[in-house]
Amino acid sequence: MSQALTRGGRAFTAAALTTTAAVLLCAAGLVVAGGSGDARAAGGAVVLDEGELDFTPRQTDGGLRLQIDDRGAGSTVVREPSEVVLHVVPSALQYTPDPVATALGTTNMDSWQLGGWEAANIFAAEPGWKGTEAGGDTEVTLSGFEGPGIFGLATYTRETDSANGPAIAHLGSAEGVPRSFTLAGDTERLLPVWQFTAEGVYRLTFTVTAGGATDTETLAVVVGDDVDPSTVAPGDGTTPTPSASPTPTPTATTHVISEGHVDMAARKVGGELEFQLKEGSELDHTWHEPGRVVLHVRPAAKRKIPEGHDFLGTPGDAVWWLPLQQNAGIVWPGWNTGEFPRADLDGKVSFRLDSVQGPGNVAMFYSDSTGTPVVPLNSGDGLPDTHTLAGGTHAHFDWAFSAEGVYRTTFTVSAALADGTRVGDTETLAWVVGDDADPSTVTPGTGDEPTATPTTTPTSSASGTGSATPTATASASASESASASASAAASAPPGAAASGAAVSVDRASGSLASTGAQVSAVAGIAVAALVMGGAAVFLVRRRRTTDREEATL
């Protein structure tokens with residue numbers, strides 16, 4: 001079998017053109033994808049990973065058939081479940097409301113969901129159920145199940161959550177959960193949450209019954225990125241699976257960091273300051289030279305730009321977002337000046353972004369107490385940009401990259417010691433955003449990739465909020481970053497119910513330093529929830545403990 005088509009990839013272009021031509025030739029404007037149509041590419045299955053899909057029991061040719069109405073490419077293409085692979089993309093990993101976990105017999109830990117809380121913020125498939133083509137009510141049964149975790153369908157909306165209502169379980173694989181539900185004949189589109197508790201390959205067998213007729217179809221689902229969906233056979237898996245291409249072996253001198261905690265740190269070495277990466281926790285960590293590391297921003301970080309973040313681009317467009325709080329499966333970059341207690345410094349440690357080389361813009365930001373973004377670093381409005389941290393500080397901010405590809409960010413980290421001695425270091429850090437490039441094949445440190453964002457000279461002083469235009473405000477001596485006090489943007493930025501909650505740890509005294517809002521991280525989160533109104537229930541039900549440390553600046 002040749003490699004499957006993927007809507008998000010270049011290989012889908014040919015299928016999209018074929019679909020367009022078929023639509024023009026079809027008087028009804030509805031294309032039925034058959035074995036020789038655009039659902040196949042030399043025997044390969046179509047991978048459905050984005051856009052609207054409806055699972056539709058349909059009376060056709062004198063019988064009942066369960067089909068998929070795929071509207072992801074603009075027009076409606078009718079596909080057979082046995083000829084597609086549904087991909088639940090890595091960015092679908094999100095928090096699970098307690099009522100959903102209770103209804104489906106699963107867990108309130110993070111799980112992979114289509115139609116979940118983050119549906120409006122991510123690029124993912126949007127599967128629903130349509131009942132109007134069956135000639136009456138349809139009984140939908142999960143008649144077979146294979147998979148590494150638990151699967152379930154449930155209806156639970158923000159309105160339900162605000163009313164403190166329960167989730168409605170439709171069907172699921174867990175013991176005690178219904179195995180069938182009735183799809184009413186007048187249902188235009190039922191949009192349940194599709195929940196999967198583990199990565200891997202699932203095979204869901206659905207039996208639909210209406211008007212005395214029955215059809216059974218098996219749908220292959222790939223959850224996460226542990227398995228390449230293009231290598232998975234559709235349907236029940238009886239179709240031969242192509243062999244995967246070998247994975248390149250990283251070079252001995254390159255260390256790829258794709259997930260977990262890593263700080264960009266000012267490290268004290270022989271009385272001097274060196275810019276190094278601190279991977280791990282405070283008690284268990286490893287130091288790395290930036291010139292030997294590649295940071296990988298996985299596809300799971302892809303989100304839609306929310307309203308109020310125009311400095312990142314047009315709302316709704318794609319951005320690769322590393323949130324302030326830790327999210328499973330992606331890298332969590334922070335800042336650290338713990339090696340330099342405040343008593344050892346005359347002032348603060350300066351982190352200056354000198355240049356960005358890459359296919360798009362890079363921004364680092366947080367939200368103030370009103371939910372307004374504050375943008376200390378933004379290559380989109382001119383460089384250099386600077387932010388500062390007090391000694392003994394550990395801080396996290398939001399990061400965003402506007403395009404996939406290889407980036408190289410050059411930072412100068414400097415400080416004045418208590419005796420007046422100036423110390424500093426300049427290093428270039430390589431990032432790979434998305435999956436257009438294999439991070440194991442990218443040379444760390446400096447490189448010669450082209451950049452779509454040349455560094456420009458700003459025309460006015462920094463204002464703290466970014467802009468998408470190169471002539472917007474920025475400064476080489478940008479004002480010290482304001483205290484990242486508790487906040488929550490009304491648009492609920494990706495991966496975070498609240499941004500900007502801060503704690504600064506003075507390692508010289510071991511105490512918590514005062515923040516600009518005079519609140520601790522926990523209190524900051526509570527204030528953020530109140531600002532968001534209905535999101536307060538969201539935070540209580542999640543019961544997630546996050547590390548939202550930021551600096552007192």
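Bear in mind the structure is a predicted one, so any value in this text is a computation, not a measurement. (Residues numbered from 1 in each chain as written. Predicted model: local features only at pLDDT ≥ 70, side-chain atom pairs only at ≥ 80, totals over all residues. Heavy atoms only, no water.)

1. A word on the sheet that holds strand β21 (residues 285-288)
Link 1 in the chain: Strand order across the open sheet formed by five strands is β21-β20-β19-β25-β30, with mixed pairing between neighbours. For this open sheet the edge positions go to β21 and β30 (394-396), each flanked by a neighbour on one side alone. Each strand of the sheet is rotated relative to its neighbour by a mean of 35 degrees, with strand direction disregarded.
Link 2 in the chain: In this structure, strand β19 (residues 260-269) lies alongside strand β20 (residues 272-280), joined through eight bridges in antiparallel fashion. Note that in β20 the partner of Ala265 across the bridge is Gln276. (Pairing = 2+ DSSP bridges. Helix = DSSP H or I, 4+ residues; strand = E, 2+ residues; numbered from the N terminus. Axes fitted to C-alpha atoms, helices over the stretch in contact; angles between N-to-C directions.)

2. Looking at the pattern of salt bridges
Link 1 in the chain: Scanning the entire structure with this criterion turns up twelve salt bridges.
Link 2 in the chain: Of the charged contacts, one joins Arg58 and Asp69 as a salt bridge, the two residues approaching to 2.8 Å between their closest N and O atoms. Taken together, the positions of Arg58 in strand β4 (residues 51-60) and Asp69 in strand β5 (residues 63-70) put the pair eleven residues apart, joining distant regions of the chain.
Link 3 in the chain: By sharing partners, the salt bridges in this structure join Glu52, Asp54, Arg71 and Arg189 into a single network. (Salt bridge = Lys/Arg side-chain N within 4 Å of Asp/Glu carboxyl O.)

3. Section: the nonpolar core
Link 1 in the chain: Grouped together as the largest cluster of nonpolar side chains are 44 residues, with contacts concentrated most on Leu322, Trp335, Trp399, Phe401 and Trp431.
Link 2 in the chain: If we ignore the near neighbours within four places in the chain, the residues touching Leu322 are Val297, Ala301, Ile330, Val331, Pro333, Phe397, Asp398, Trp399, Phe401 and Trp431.
Link 3 in the chain: Membership of the second largest hydrophobic core comes to 39 residues, among which are Leu64, Val89, Leu114 and Tyr202. (Core = buried A, V, L, I, M, F, W, Y, C linked by side-chain atoms within 4.5 Å. Buried < 20%, exposed > 50% of the residue type's maximum accessible area, 1.4 Å probe, protein only. Contact = heavy atoms within 4.5 Å.)

4. With respect to the pairing of strand β12 (residues 151-155)
Link 1 in the chain: The buried count for β12 comes to five of five residues, which makes it a mostly enclosed element.
Link 2 in the chain: Side chains of β12 alternate between two faces, with Phe151, Leu153 and Thr155 and Gly152 and Ala154 buried alike.
Link 3 in the chain: As paired strands, β12 and strand β15 (residues 193-196) are joined by four bridges and run antiparallel to one another. Looking at β15, one finds that Gly152 is bridged to Gln195.
Link 4 in the chain: Across four bridges, the pairing between β12 and strand β13 (residues 168-172) is antiparallel. Opposite Leu153, over in β13, you have Leu171 as the bridge partner.

5. Some remarks on unusual backbone geometry
Link 1 in the chain: Of note, the amide linkage connecting Leu383 to Pro384 takes the cis form, showing an omega dihedral of 10 degrees.
Link 2 in the chain: Phi at Asn164 is positive, roughly 60 degrees, even though this residue is not glycine.
Link 3 in the chain: Topologically, Asn164 is positioned in the loop between α3 (158-162) and β13.
Link 4 in the chain: Look at Asn164 and you get exposed, because its relative accessible area is 56%.

6. Structural notes on the sheet that holds strand β9 (residues 111-114)
Working definition: the strands of a sheet are paired by backbone hydrogen bonds and lie parallel or antiparallel to each other.
Link 1 in the chain: Read from one edge to the other, the open sheet built from five strands follows the order β8-β9-β15-β12-β13, with strand pairing classed as antiparallel. A strand with exactly one partner marks an edge of an open sheet, and here the two such strands are β8 (93-94) and β13.
Link 2 in the chain: Examined bridge by bridge, β9 and β15 share three bridges and lie antiparallel to one another. Paired with Trp112 across the strands is Phe196, a residue of β15.

7. Some points on a negative patch on the surface
Link 1 in the chain: Side chains of Asp225, Asp226, Asp435 and Asp436 sit close together on the surface and give a patch of like negative charge.
Link 2 in the chain: Along the chain, the position of Asp435 falls in the loop between β33 (422-433) and β34 (504-506).
Link 3 in the chain: On the accessibility criterion, Asp435 (55% relative accessible area) is exposed. (Patch = residues over 30% accessible without salt bridge, like charges linked within 9 Å, V, L, I, M, F, W, Y side chains within 5 Å. Areas by Shrake-Rupley, 256 points an atom, 1.4 Å probe, with all protein chains shown as cover. Lys, Arg positive; Asp, Glu negative; His and termini not counted. Charge placed at Lys NZ, Arg CZ, Asp CG, Glu CD.)

8. Details of the side chain of Ser379
Link 1 in the chain: Of note, Ser379 is situated in the loop between β28 (373-378) and β29 (385-389).
Link 2 in the chain: Looking at Ser379, the relative accessible area reads 4%, which means it is buried.
Link 3 in the chain: In this structure the side chain of Ser379 is engaged in a polar contact, spanning 2.9 Å, whose partner is the backbone nitrogen of Val362. (Polar contact = N/O pair within 3.5 Å; in protein donor to acceptor, adjacent residues only side chain to side chain.)

9. Remarks on the environment of Met364
Link 1 in the chain: With respect to the element layout, Met364 can be found in strand β27 (residues 362-367).
Link 2 in the chain: Judged by its relative accessible area of 0%, Met364 falls in the buried class.
Link 3 in the chain: With near-sequence residues (within four places) excluded, Met364 lies in contact with Trp335, Val374, Val375, Pro376, Leu377, His387, Phe397, Asp398 and Trp399.

10. As for the pairing of strand β22 (residues 293-297)
Where a strand is regular, its side chains alternate between the two sheet faces.
Link 1 in the chain: In terms of burial, β22 is largely enclosed, as five of its five residues are buried.
Link 2 in the chain: Side chains Val293, Leu295 and Val297 of β22 all project onto a buried face; the interleaved residues Val294 and His296 project onto the opposite face, where all are buried too.
Link 3 in the chain: Sheet topology note: the strand β18 (residues 255-257)/β22 ladder contains three bridges and is parallel. Paired with Val256 across the bridge in β22 is Val294.
Link 4 in the chain: Here β22 pairs with β33 via four bridges, running parallel. What sits directly across from Leu295, in β33, is Trp431.

11. A look at the environment of Pro376
Link 1 in the chain: Its place among the elements puts Pro376 in strand β28.
Link 2 in the chain: Here Pro376 falls in the buried class, since its relative accessible area comes to 9%.
Link 3 in the chain: Put simply, Pro376 and Phe365 are eleven residues apart on the chain and 6.0 Å apart in space, counted from C-alpha to C-alpha.

12. Points about the confidence of the model for the chain
Link 1 in the chain: In this model, the chain carries an average pLDDT of 78, and 71% of its residues clear a pLDDT of 70 or more.
Link 2 in the chain: Of all helices and strands in the chain, the one with the weakest mean pLDDT is strand β35 (residues 511-513) (33), whereas strand β14 (residues 180-183) scores best (98).
Link 3 in the chain: Below pLDDT 50 for its whole length, residues 1-43 participates in 75 contacts with residues either more than four positions away or in separate chains.
Link 4 in the chain: Contacts from residues 494-499, a stretch scored under 50 in pLDDT, to residues over four places away or in other chains number 30 contacts. (pLDDT = per-residue confidence, 0-100.)

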